[in-house]
Amino acid sequence: MSSSIPTDQHSDAPADEIDDTPEEIQPDSLAPPARRPPQRPAFDPVAQPWVANPGGLVAVPETRLTPMALRDRFAAPPAWTPDAQDINPARAADRSLRLASVLVPMMLRPDGIQVMLTQRTAHLHDHAGQVSFPGGRVEPSDSSVTDAALRETEEETGLPRGLVEVIGQLPDYFTGTGFRVVPLVGLVRPDFTPRPDPFEVAEVFEVPLRFLMDPANHRLHSATLPAGGLRSYYSMPWKQFFIWGATAGMLRNLYQFLRA
């Protein structure tokens with residue numbers, strides 16, 4: 001579902017998992033770009049207290065996790081309510097937010113759909129080492145948020161856009177780092193070999209969709225911030241990967257969408 005984004009709407013939105021590294025060096029400059037030290041969260045996201053399966057919800061039936069069922073769900077969306085903690089619809093009019101888009105790549109494997117994710121490299125300024133969907137800022141040269149997500153995905157992982165069938169869009173996600181993120185869901189023919197961008201992506205990996213759509217695997221954390229106040233966020237740990245923040249929040253919204 002491609003929604004055209006005029007370049008004069010190139011806003012800045014919050015995204016826990018979006019790359020916000022400095023702009024490329026200008027072609028006529030010979031000096032290397034200044035490299036800012038990596039920024040870390042104000043708290044250890046893994047160590048914060050959590051509750052499992054908040055609300056005592058049940059898994060999405062596997063009959064809803066097939067390619068045809070997903071196409072049908074996005075073609076005729078039900079009434080539903082997002083519940084990820086960072087969503088704040090009042091921020092939609094904030095012109096200071098940077099616009100970004102990500103792809104939720106659903107790999108069509110013989111034993112069931114797998115969601116492709118990336119782990120960011122440790123040297124990046126923002127969200128170093130964190131798990132994210134491929135994607136990034138919408139640039140003036142992008143014709144739409146879909147075009148931006150597919151471009152960034154190919155640059156970061158080597159996934160050709162011709163293998164992606166974009167079937168729908170989740171609600172905009174507003175994050176504390178100043179982004180408004182548009183999550184696009186795509187079915188992917190997995191006949192390609194990932195080629196991670198070594199600057200941005202340390203690893204490309206997959207998680208079964210059935211695992212992510214089972215709230216028994218969802219944790220709701222509560223962190224006390226150094227400046228006071230609380231921060232709530234979801235996590236969905238998988239093997240050695242700690243999926244949290246915006247990525248987990250968007251997956252939680254996908255769960256609520258598919259279970260409705």
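Look up: the structure comes first, before these words.
What counts and what doesn't
Residues numbered from 1 in each chain as written. Predicted model: local features only at pLDDT ≥ 70, side-chain atom pairs only at ≥ 80, totals over all residues. Heavy atoms only, no water. Helix = DSSP H or I, 4+ residues; strand = E, 2+ residues; numbered from the N terminus. Buried < 20%, exposed > 50% of the residue type's maximum accessible area, 1.4 Å probe, protein only. Contact = heavy atoms within 4.5 Å. Areas by Shrake-Rupley, 256 points an atom, 1.4 Å probe, with all protein chains shown as cover. Core = buried A, V, L, I, M, F, W, Y, C linked by side-chain atoms within 4.5 Å. Phe/Tyr/Trp six-rings, centres within 6.5 Å; stacked < 30°, edge-to-face > 60°. Salt bridge = Lys/Arg side-chain N within 4 Å of Asp/Glu carboxyl O.

This paragraph deals with the overall build of the protein. The helix and strand tally for the protein stands at four helices and eleven strands. Per-residue burial over the protein gives 50% buried out of 260 residues. Sequence-distant contacts in the protein: of pairs separated by 6 or more residues, those separated by 24 or more amount to 75%. Carbon and sulfur atoms form 54% of the exposed surface of the protein, whose accessible area is close to 11700 Å².

Our focus in this paragraph is the nonpolar core. The biggest cluster of nonpolar side chains holds 40 residues, and the ones touching the most others in it are M106, L209, L212, M213, I243 and L254. Of all the elements in the fold, those that place two or more residues in this core are α1 (67–75), β2 (98–109), β3 (112–120), β8 (179–188), β9 (201–208), α3 (209–212) and α4 (245–259). A total of eight residues in this core trace back to one element, the largest contributor, which is α4. If sequence neighbours within four positions are ignored, M106 has contacts with L70, I113, Q114, V185, G186, L187, V188, L209 and L254. Core analysis: the second largest hydrophobic core is formed by 18 residues, L150, L159, V164 and L184 among them.

Below, the discussion takes up the packing of aromatic side chains. Tallied over the full model, the rule gives seven aromatic pairs. Geometrically, the ring pair formed by W80 and F257 is edge-to-face, given 5.5 Å between the ring centres and 70° between the ring planes. On the criterion of sequence distance, the pair formed by W80 in the loop between α1 and β2 and F257 in helix α4 is long-range, its members being 177 residues apart. When its relative accessible area of 22% is taken as the criterion, W80 is described as partly exposed. Judged by relative accessible area, which is 3%, F257 ranks as buried. These aromatic residues form a ring-pair network of at least three members: F43, Y233 and W244.

Its location among the elements puts L209 in helix α3. For the pair L209 and T66, spaced 143 residues apart in the sequence, the C-alpha separation amounts to 9.9 Å. Residues contacting L209, with those up to four places away along its chain left out, are L65, L70, M106, I113, Q114, V115 and L254.

Under the counting rule described, the total for this entry stands at nine salt bridges. Its salt-bridge partner being D142, residue R151 comes within 2.8 Å of it at the nearest N-O pair. On the basis of relative accessibility, which here comes to 5%, the residue D142 falls in the buried class. A cluster of three or more residues bridged by salt bridges with shared partners is formed by D142, R151, E152 and E155.

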